[in-house]
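# Examining the three-dimensional arrangement
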Amino acid sequence: MDEITYGIGKLRGHEKNRESLRKLFEEKASSGSYLFSGMPAIGKFKTALWFAQLVNCPSFDAPCGLCVSCRKIDKGVHPDVKIIKKLEDKTVITIDQVRDQVVNEANFKPLEGRFRVFIIDDAHLLNDQSQNSLLKVMEEPGAQVIIILVTSRPSDLLDTIRSRCRAIRFFPLSDKDMEYILRDLPDVDYEKLGIVTSISAGSPGKAIKQAQDEVFWKIRHDLFTVLEKLPDGQLGDILKYSESVSIQRADVERLEAFFEMLLSWFRDIEFIQAGLPEDTLLNRDFKESLEKVYFCYSAEDITVLQSLILEIRKLTFENNLNLKMGIQRLLIKIKQTGSVQIG
Ligand SMILES: [Zn+2]
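Residues numbered from 1 in each chain as written. Predicted model: local features only at pLDDT ≥ 70, side-chain atom pairs only at ≥ 80, totals over all residues. Heavy atoms only, no water.

### Thoughts on the overall build of the protein
- In terms of helices and strands, the protein carries 15 helices and seven strands.
- Projected onto the principal axes, the alpha-carbon positions of the protein cover approximately 75 × 40 × 30 Å.
- Sequence-distant contacts, at least 24 apart, represent 72% of the contacts inside the protein between residues at least 6 apart.
- For the protein, the accessible area works out to roughly 17,300 Å², and carbon and sulfur atoms hold 52% of it.
- In the protein, 47 positive and 51 negative side-chain charges are present, and the distance between their average locations comes to 4 Å. (Helix = DSSP H or I, 4+ residues; strand = E, 2+ residues; numbered from the N terminus. Contact = heavy atoms within 4.5 Å. Areas by Shrake-Rupley, 256 points an atom, 1.4 Å probe, with all protein chains shown as cover. Lys, Arg positive; Asp, Glu negative; His and termini not counted. Charge placed at Lys NZ, Arg CZ, Asp CG, Glu CD.)

### Some details on the pattern of salt bridges
- Within this structure, the stated rule accounts for 24 salt bridges.
- Note that Glu 105 is salt-bridged to Arg 116, the shortest N-O span being 3.2 Å. Here Glu 105, found in the loop between α4 (95-103) and β5 (116-120), pairs with Arg 116, found in strand β5; they are 11 residues apart in sequence, far enough to count as distant.
- A salt bridge links Asp 285 to Arg 220; its shortest N-O distance comes to 2.8 Å. Placement of the pair is Asp 285 in the loop between α12 (252-273) and α13 (287-293) and Arg 220 in helix α10 (residues 214-229), with a sequence separation of 65 residues.
- Classification of Asp 285 as partly exposed rests on a relative accessible area of 35%. (Salt bridge = Lys/Arg side-chain N within 4 Å of Asp/Glu carboxyl O. Buried < 20%, exposed > 50% of the residue type's maximum accessible area, 1.4 Å probe, protein only.)

### What about the sheet that holds strand β7 (residues 166-169)?
- Across the sheet, which stays open at both edges, the five strands sit in the order β4-β5-β6-β3-β7 with parallel pairing between neighbours. Across the chains shown, the open sheet's two edge strands, defined by having one partner strand only, are β4 (81-84) and β7. If you compare each strand with its neighbour and ignore which way they point, the axes differ by 20 degrees on average.
- Here four bridges tie strand β3 (residues 32-37) to β7, and the two strands are oriented parallel to one another. Counted as the bridge partner of Phe 36 is Ile 168 from β7.
- Most of the contacts of helix α2 (residues 44-56) go to strand β6 (residues 145-151), to which it runs at about 170 degrees, and overall it touches β3, β4, β5 and β6. (Pairing = 2+ DSSP bridges. Axes fitted to C-alpha atoms, helices over the stretch in contact; angles between N-to-C directions.)

### A few points about helix α11 (residues 235-244)
- Taken together, the buried positions of α11 are Ile 238, Tyr 241 and Ser 242. Projection of α11 onto a plane perpendicular to its axis shows the buried side chains occupying an angular sector of 95 degrees, all on one side. For α11, exposure combined with an orientation more than 90 degrees from the buried face picks out Lys 240 and Glu 243. (Arc of directions from axis to C-beta.)

Now the structure itself:
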């Protein structure tokens, strides 16, 4: 049984990775170091916990998710499963943490389970010193020791560390898996979740965060309101709007979401033009607005506008293009394109 409830949802997707891990376990080859890499919040850390449960669960049907061992791991209180994260008042995972929580601990036999598992979350935050300290354990791991480095930035780690690890790559989840994970969440607006699921690029963690982020919904509301008015609006409105957008450059997630929203708008216009049913729209709650403007853009227009959105996104992220300028350039082009059709 592979479905286990951890605090915020269920483990879903990444079946291939779990199969490989299970195979190693069955072949009694699971000790050693692992590098779990992939974009943020797609289930790497949860899979690490699942693996810790698998190797320590006494059940025939491991990981059962129900036994004392599984539940302790789920709660983060199992004495053999250590989770190492950056401390709040620090910018890196310090050498002291690595020494106290890994190096000194790895020599001991498991207290309750079969393996001592060390999960280092956001392992790219280990500085060189911490990594070198860790390396000593990784070079001579005990037969009952598993070290899992979880990271979205594997290239930030030292080559010597990476070469010691079995690399397990994680890919974004499918929409179906995302829906499954998000379906039963408490205290989240289901309609909002449906909307963010499609624009959160296979990352359930991101979708949950966005669904609960009021700023995200305001950005989206303001953007779609201006897009609806654009074809027959005034240039002054664009200037006013672009001045009002206050996403900071460091706010990468919201910045990415902003460009995803723009792309989703034109993707929906294409779907309406193709006569596809309402439930295929990403922005169903803005259906009326989309219907007011969908005929303003030809298929070619949309292709041009989509490439421009991607280009401005790239310039914003890679070349530090001023966001307000980028938005102005984009919206002016969208307005000009849309007005031609109306005119
Ligand atoms: Zn169990």
